Amino acid sequence: MSKLQFDFEIIHKINESKEIRKEEILQLVKEVPKEIIFDTASNLRDKTKGRKVSFSKKAFFNIINLCRDTCSYCTYKAEPNDAKLSMMNLQTVKGLAKLAKKYNCTEALFVSGERPEQKYSEVKRWLKNEGFSSTSEYLIHCSEIVLNEGVFPHTNAGNLTKNEMKELQKSNVSMGMMLENSSPRLRETGMPHADAPSKEPKVRLNILKNAGELKIPMTTGILVGIGENMEECIQSILDIKQIHEKYGNIQEIILQNFHPKSETLMYNHRTPEENYFKMVVALCRILMPDANIQIPPNLSPNNYQEFLATGINDWGGISPITSDYVNPEFSWPNIQNVEKKCNDLGFSFKARFPVYPEFIPLVNNELKQRISLIADEENYVEESYWK
């Protein structure tokens, strides 16, 4: 079979929304020019999502950044005596919620380390002084505080139990947990997740399944450039797809490009080559044509708009008032600048809630009622509210 014939047949199959096997995707990467793959992904996005790009106007609540795990690329994690240590008391949480409301943010992103009270006695004592026995219990209470201030919580706190998620579901319109990668190889000695038991792929996939059983709109995704290969990226996306096909609750896939950070074991590890990252993005769209796919614009500050040509339809959360505490060296872009770049490329620009419009039916009636107060006819945030 000639290369030209192969190009036509696989692209035709993709455009007809036929099921694509992993072997075919690997062959696609090997034999089809990247420009054709990018164009195919972009056209698929236009077909399934239209020329519309969304974002979430958020405030980042850095609840507790102590963590029982150690990932070899992470600088989010603090130690008890670090200057960057964050343990937000209830008064601080409420204060930031009021500020978020003042700026018409609609998302309160709650982030904490993985069960820090299991490793640090300081956290145990601090939680006890605040009146709580665990980080998850504290997050449940903080979610209620923020919701009552008029901002919608979205909790990303690692490997929560099914019961913890069920309680958070009452006040959180959506939740998040990055798969990062489903390859067990990345847990081996010398690999980035060797000292991070919570990153065990089977455990993370099981949490996504639990969220599916609870019908929680879930954000997940993969971290690109941490030592994985293309086949492992593809398999990770397929694993996410399998869960979504069974439960229908994966509302968003984040594709995040790794950046090396000083004072980490992976400081000398290079950021992924741009075409490799773009290929992962395009393949995600090809494998999951109807998915909401985002890249963080602050992690590709010089050319994030180029990823519109590889199939994305969302920028994730952008904050006008708080830093990206996971990647503090990368500032959020100005929202108006992002809008202009989208408009210049022929895309409309919409603010969404932490839950995507098509997943709002999964949330409880009280949360739906709160959403309806500031939603437009498509269940995005009313433009007069967020601008």
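I will try to describe carefully the structure that is included in this document. Predicted, not measured: the structure shown is a model, and the values here were computed from it.

Cut-off values and rules
Residues numbered from 1 in each chain as written. Predicted model: local features only at pLDDT ≥ 70, side-chain atom pairs only at ≥ 80, totals over all residues. Heavy atoms only, no water. Helix = DSSP H or I, 4+ residues; strand = E, 2+ residues; numbered from the N terminus. Rg over C-alpha atoms; globule rule 2.2 N^0.38 Å. Buried < 20%, exposed > 50% of the residue type's maximum accessible area, 1.4 Å probe, protein only. Areas by Shrake-Rupley, 256 points an atom, 1.4 Å probe, with all protein chains shown as cover. Lys, Arg positive; Asp, Glu negative; His and termini not counted. Charge placed at Lys NZ, Arg CZ, Asp CG, Glu CD. Axes fitted to C-alpha atoms, helices over the stretch in contact; angles between N-to-C directions. Parallel < 35°, antiparallel > 145°, perpendicular 65-115°, else oblique. Left-handed = near helix turned anticlockwise from the far one by under 90°. Contact = heavy atoms within 4.5 Å. Salt bridge = Lys/Arg side-chain N within 4 Å of Asp/Glu carboxyl O. Phe/Tyr/Trp six-rings, centres within 6.5 Å; stacked < 30°, edge-to-face > 60°. Nonpolar A, V, L, I, M, F, W, Y, C, P; charged D, E, K, R; others polar. Pairing = 2+ DSSP bridges. Expected span 1.5 Å × (residues − 1). Polar contact = N/O pair within 3.5 Å; in protein donor to acceptor, adjacent residues only side chain to side chain.

Comments concerning the overall build of the protein
Okay, so step 1: Scanning the protein from N- to C-terminus turns up 13 helices and nine strands.
Okay, so step 2: Its C-alpha atoms give the protein a radius of gyration of 20 Å, near enough to 21 Å, the size a compact globule of 387 residues would have.
Okay, so step 3: Its C-alpha atoms put the protein at 70 × 50 × 40 Å along the principal axes.
Okay, so step 4: For the protein, the proportion of its 387 residues judged to be buried stands at 58%.
Okay, so step 5: Only carbon and sulfur atoms are counted for the fraction: they give 49% of the accessible area of the protein, which is about 16,500 Å².
Okay, so step 6: Positive and negative side-chain charges of the protein, numbering 49 and 51 respectively, have mean locations separated by a distance of 3 Å.

Overview of the packing of helix 2 (residues 22–31) against helix 10 (residues 274–287)
Okay, so step 1: Relative orientation of the contacting elements helix 2 and helix 10 amounts to 140 degrees, with a least axis distance of 12 Å. With respect to their mutual orientation, helix 2 and helix 10 come out oblique. Along this stretch, helix 2 crosses helix 10, giving a crossing that reads as right-handed. Counting all contacts with helix 2, which are made through Ile25, Leu28 and Val29, the residues of helix 10 involved are Met279, Leu283, Ile286 and Leu287.

Section: the pattern of salt bridges
Okay, so step 1: Per the counting criterion, the structure on display carries 32 salt bridges.
Okay, so step 2: Between Lys241 and Glu19 there is a salt bridge, with the nearest N and O atoms lying 3.2 Å from each other. Highlighted residues: Lys241 in helix 9 (residues 230–247) and Glu19 in the loop between helix 1 (3–15) and helix 2, separated in sequence by 222 residues.
Okay, so step 3: Exposure remark for Lys241: the relative accessible area of 12% places this residue in the buried category.
Okay, so step 4: Classification of Glu19 as exposed rests on a relative accessible area of 55%.
Okay, so step 5: Of the charged contacts, one joins Glu339 and Lys387 as a salt bridge, the two residues approaching to 2.9 Å between their closest N and O atoms. With Glu339 in helix 11 (residues 335–344) and Lys387 in the segment after helix 13 (383–386), this pair connects stretches of sequence that are 48 residues apart.
Okay, so step 6: Members of the salt-bridge network, linked through shared partners, are Lys13, Arg21, Glu23 and Glu24.

Overview of the packing of aromatic side chains
Okay, so step 1: For the structure on display, the rule yields 11 aromatic pairs.
Okay, so step 2: Plain terms: the ring middles of Phe152 and Phe353 are 5.6 Å apart, the flat faces sit at 90 degrees to each other, and that makes the pair edge-to-face. Taken together, the positions of Phe152 in strand 3 (residues 152–156) and Phe353 in the loop between strand 9 (348–352) and helix 12 (365–372) put the pair 201 residues apart, joining distant regions of the chain.
Okay, so step 3: Residue classification places Phe353 among the buried residues on the basis of a relative accessible area of 0%.

Re the side chain of Ser236
Okay, so step 1: With respect to the secondary-structure elements, Ser236 resides in helix 9.
Okay, so step 2: With relative accessibility at 0%, the residue Ser236 sits in the buried group.
Okay, so step 3: Look past the residues within four positions of Ser236 in its chain and what remains in contact with it is Leu179, Asn181, Ser182 and Ile222.

Looking at unusual backbone geometry
Okay, so step 1: Phi at Ser17 takes a positive value of approximately 60 degrees, unusual for a residue other than glycine.
Okay, so step 2: Position of Ser17 among the secondary structure elements: in the loop between helix 1 and helix 2.
Okay, so step 3: Residue classification places Ser17 among the partly exposed positions, given a relative accessible area of 48%.

A few points about the packing of helix 2 against helix 9
Okay, so step 1: It is the contact of helix 2 with helix 9, at a shortest axis distance of 11 Å, that shows an interaxial angle of 140 degrees. Considering the angle they form, helix 2 stands oblique to helix 9. Crossing handedness for the pair helix 2 and helix 9: right-handed. Across the interface between the two elements, Lys22, Ile25 and Leu26 from helix 2 touch Glu231, Ile234, Gln235 and Leu238 from helix 9.
Okay, so step 2: Taken together, the residues of the contact of helix 2 with helix 9 break down into four nonpolar, one polar and two charged.

Here we look at the pairing of strand 8 (residues 314–318)
Okay, so step 1: Among the five residues that make up strand 8, five are buried, leaving the element largely enclosed by the rest of the structure.
Okay, so step 2: Across three bridges, the pairing between strand 1 (residues 52–64) and strand 8 is parallel. Each residue of the ladder has a partner; that of Ser54, found in strand 8, is Asp314.

Regarding helix 4 (residues 90–102)
Okay, so step 1: A rise of 1.5 Å per residue sets the reference length of helix 4, with its 13 residues, at 18 Å; its end C-alpha atoms lie 18 Å apart and thus fit the reference within 8%.
Okay, so step 2: Between the side-chain oxygen of the N-cap and the backbone nitrogen of Gln91 there are 3.2 Å, and the N-cap of helix 4 in question is Asn89.
Okay, so step 3: Looking one or two residues beyond helix 4, the residue adopting positive phi is Asn104, at roughly 60 degrees.

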